[in-house]
Amino acid sequence: MSTKSQLIGYVRKSKSGGALRMSIDAEAFSNAVKFPAKDGRQFVSLVANADKVSQILGGEREVTSLCQLIDED
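In this text the structure is predicted, and so the values were computed from the model without any measurement.

Cut-offs used in this document
- Residues numbered from 1 in each chain as written.
- Predicted model: local features only at pLDDT ≥ 70, side-chain atom pairs only at ≥ 80, totals over all residues.
- Heavy atoms only, no water.
- Helix = DSSP H or I, 4+ residues; strand = E, 2+ residues; numbered from the N terminus.
- Rg over C-alpha atoms; globule rule 2.2 N^0.38 Å.
- Buried < 20%, exposed > 50% of the residue type's maximum accessible area, 1.4 Å probe, protein only.
- Contact = heavy atoms within 4.5 Å.
- Lys, Arg positive; Asp, Glu negative; His and termini not counted.
- Charge placed at Lys NZ, Arg CZ, Asp CG, Glu CD.
- Pairing = 2+ DSSP bridges.
- Axes fitted to C-alpha atoms, helices over the stretch in contact; angles between N-to-C directions.
- Patch = residues over 30% accessible without salt bridge, like charges linked within 9 Å, V, L, I, M, F, W, Y side chains within 5 Å.
- Areas by Shrake-Rupley, 256 points an atom, 1.4 Å probe, with all protein chains shown as cover.
- Salt bridge = Lys/Arg side-chain N within 4 Å of Asp/Glu carboxyl O.

Participant: So what's going on with the overall build of the protein? Which residues, and what values?
Facilitator: Looking only at helices and strands, the protein has two helices and five strands in total. Along the protein, helices and strands appear, N-terminal first, in the series β-β-α-β-β-α-β. Computed over its C-alpha atoms, the radius of gyration of the protein comes to 14 Å, more than 25% above the 11 Å expected for a compact globule of 73 residues. Counting over 73 residues, the protein shows a buried share of 18%. Looking at the protein alone, contacts between residues at least 24 apart form 50% of all its contacts between residues at least 6 apart. Counting 10 positive and 9 negative side-chain charges, the protein places the centres of these two groups 7 Å from one another.

Spelled out as structure tokens, the structure:
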């Protein structure tokens, strides 16, 4: 089994610097693989590289990707 990474959006520091801003491609998000919760709601699992997010917070980097990891059969 292999894992595929699907780009969903980007993570940046907000202009004020006090938050992370996520820009999500609406079409990619609607096509993303969803999983059900016990209460019946559906969720989309997204990941961002923690080291790259730390670099954004530290001012060393401006942006990183926000992806969904999909296990392929």
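From this point, the discussion proceeds with the structure in view.
Participant: Would you mind going over the sheet that holds strand β1 (residues 2-13) in detail, with residue names and values included?
Facilitator: Read from one edge of the open sheet, three strands run β2-β1-β5, paired in antiparallel fashion. If you trace the sheet from one side to the other, it starts and ends with β2 (20-24) and β5 (63-72), each paired once. Across this sheet, the average inter-strand angle for adjacent strands is 40°, counted without regard to direction. Relative to β2, β1 runs antiparallel, the two sharing five bridges. The residue of β2 that forms the bridge with Gly-9 is Ile-24.

Participant: Just give me the short version of the pairing of β1, but keep the residues and values in it.
Facilitator: Relative to β5, β1 is paired through ten bridges, and the arrangement is antiparallel. Bridge pairing links Lys-4 to Ile-70 in β5. What sits between β1 and β2 in their antiparallel hairpin is a turn of six residues, with Gly-17 showing a positive phi close to 85°.

Participant: Go over a nonpolar patch on the surface with me, naming the residues and quoting the values.
Facilitator: Together, Met-22, Ile-24 and Phe-29 give the surface a local cluster of nonpolar side chains, amounting to about 280 Å² of exposed area. Structurally, Met-22 can be placed in strand β2.

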